[in-house]
Amino acid sequence: MTPEGTLRGDAVHVGGDARQRFYDSRGYGRPVEGNEIALTRIEAAHLLFRGDLAAVVVDGDALEFEAFFVAAATASTRFTVRFLVYSDLRDRGFYLSPAREGWPGGRHAAADAVDFVVYERGSDPEDGEVAHHVRVVGERETIAAADVAGQTLAVVDEESDLTYFGATTPEVDGATPFEPPTGLSGVLLADRVIVWDAPPALYQHGFYGQPLSGRDSDLGGALQLSLLEAAALADAGALELTETVGAAAATVDDGDAETPASDATDDYAAIVARGRAVEGERFARRLRTYADLRGRDLVPKTGFKFGADFRTYRDVETVEDLPHSEHLVRVVQADHTFDPRELSLDVRLAGGVRKRMLFALVEGDGINYLEVGRLTP
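It should be emphasised that the depicted structure is a prediction, and the values quoted were computed from it without experimental measurement.

Cut-offs used in this document
- Residues numbered from 1 in each chain as written.
- Predicted model: local features only at pLDDT ≥ 70, side-chain atom pairs only at ≥ 80, totals over all residues.
- Heavy atoms only, no water.
- Salt bridge = Lys/Arg side-chain N within 4 Å of Asp/Glu carboxyl O.
- Helix = DSSP H or I, 4+ residues; strand = E, 2+ residues; numbered from the N terminus.
- Buried < 20%, exposed > 50% of the residue type's maximum accessible area, 1.4 Å probe, protein only.
- Pairing = 2+ DSSP bridges.
- Contact = heavy atoms within 4.5 Å.
- Axes fitted to C-alpha atoms, helices over the stretch in contact; angles between N-to-C directions.

Tallied over the full model, the rule gives 26 salt bridges. Close ionic contact of Asp115 with Arg78 constitutes a salt bridge, the shortest N to O distance being 3.5 Å. With a gap of 37 residues between them, Asp115 in the loop between strand S7 (96-98) and strand S8 (116-119) and Arg78 in the loop between helix H3 (65-75) and helix H4 (79-91) connect regions that are remote in the sequence. Residue classification places Arg78 among the partly exposed positions, given a relative accessible area of 32%. A salt bridge links Glu229 to Lys301, with the nearest nitrogen and oxygen atoms 3.1 Å apart. Separated by 72 residues along the polypeptide, Glu229 in helix H6 (residues 227-235) and Lys301 in strand S20 (residues 299-302) bring together distant segments of the chain. On the basis of relative accessibility, which here comes to 5%, the residue Glu229 falls in the buried class. Salt bridges sharing common partners tie together Arg78, Arg82, Asp115 and Glu141.

What follows is the structure, given as structure tokens:
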């Protein structure tokens with residue numbers, strides 16, 4: 001005989017042999033007393049949908065799936081999208097439990113925003129290994145970037161299709177410990193610096209800049225540096241300016257301090273002031289990230305062609321034998337919130353060019369890295 005459940009407070013209680021039938025054998029709900037279990041509305045709806053529950057009694061009325069689903073969606077925020085994800089993961093063969101206090105998943109929840117704890121295949125809520133901490137997100141919701149590390153994002157779009165993303169805190173390190181040569185001199189022109197007589201190693205092994213001209217030119221050592229590259233080299237004491245052409249805007253606020261371009265007292269300050277003038281407050285964040293990546297023995301280069309701030313190389317021995325770049329990097333503020341469409345676009349693009357998507361979350365002098373990729377549970 002197919003059992004019925006009864007809604008009591010915020011849980012559906014099922015008696016009889018419910019513990020053996022649903023909890024012990026299939027990981028639904030939580031034990032209450034004897035063989036009785038308590039189910040969340042989502043678990044109860046899924047069992048109704050499968051025909052494993054006959055009905056749920058609500059205020060004296062026995063509701064079958066359709067009526068209970070509408071009532072649950074009315075009583076619980078985000079019920080519909082959470083039900084879709086729960087059902088999909090069950091269909092994929094996972095046991096999962098709500099990440100709420102009193103349920104088995106509550107003791108494993110990584111954060112308040114997690115909706116479900118999913119166990120490794122073959123594991124159950126009692127003593128199983130956790131495979132995913134799942135956070136359900138609707139297409140039109142936003143996601144705080146600082147809160148998602150360690151979570152699996154289940155995004156439900158407007159047509160109820162699901163896309164899963166894994167968010168992790170990666171090891172960010174490289175194998176290119178290049179020490180730039182000192183005594184470089186250059187000219188600050190608009191939004192770049194020209195070094196007329198750069199040592200070959202600066203480009204060939206450090207992958208700084210781009211040659212100014214073709215192979216047949218007499219200016220074989222002329223190198224164009226981006227403002228980020230030039231600022232990093234000037235900060236290291238390797239580059240000095242012999243001339244500055246053009247003037248930066250009078251004052252640009254980068255979010256930390258206002259730096260009048262006319263008051264720049266050294267080469268580094270002059271390059272940074274120019275960067276702020278041409279790019280605004282983003283320049284300071286990008287410069288901090290560029291310097292941090294170089295400090296980790298990675299080689300960052302522009303990611304413009306891919307719609308990112310940087311692409312990174314881990315191990316550069318020579319430009320003639322350049323390896324494949326591993327990451328695309330977007331630099332954002334630490335309080336950045338993702339739009340799911342934006343996130344999907346970034347991750348899809350990175351995967352399409354065989355790279356991984358890395359976000360640099362910048363706050364003051366600190367940087368936290370977040371890697372996000374598509375996954376199939």
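Following the structure, the description resumes.
Within the open sheet, the six strands sit side by side as S3-S4-S2-S1-S5-S6. Their pairing is mixed. Unpaired on one side and paired on the other, strand S3 (30-31) and strand S6 (61-63) mark the two borders of the sheet. Across three bridges, strand S1 (residues 5-8) lies against strand S2 (residues 11-14) in antiparallel orientation. Bridge pairing in S2 places Thr6 opposite His13. In this fold helix H1 (residues 18-26) packs onto S2, S3 and strand S4 (37-39), with an angle of close to 55° to the strand it touches most, S4.

This part takes up the pairing of strand S16 (residues 223-226). The alternating pattern of S16 places Leu223 and Leu225 on a buried face, while none of Gln224 and Ser226, on the opposite face, is buried. Pairing analysis gives four bridges linking strand S14 (residues 192-195) to S16, with the strands arranged antiparallel. The residue bridging Arg192 from the neighbouring strand is Ser226, located in S16. Pairing of strand S15 (residues 210-211) with S16 involves two bridges; the strand directions are antiparallel. Along S16, the bridge assignment pairs Gln210 with Gln224.

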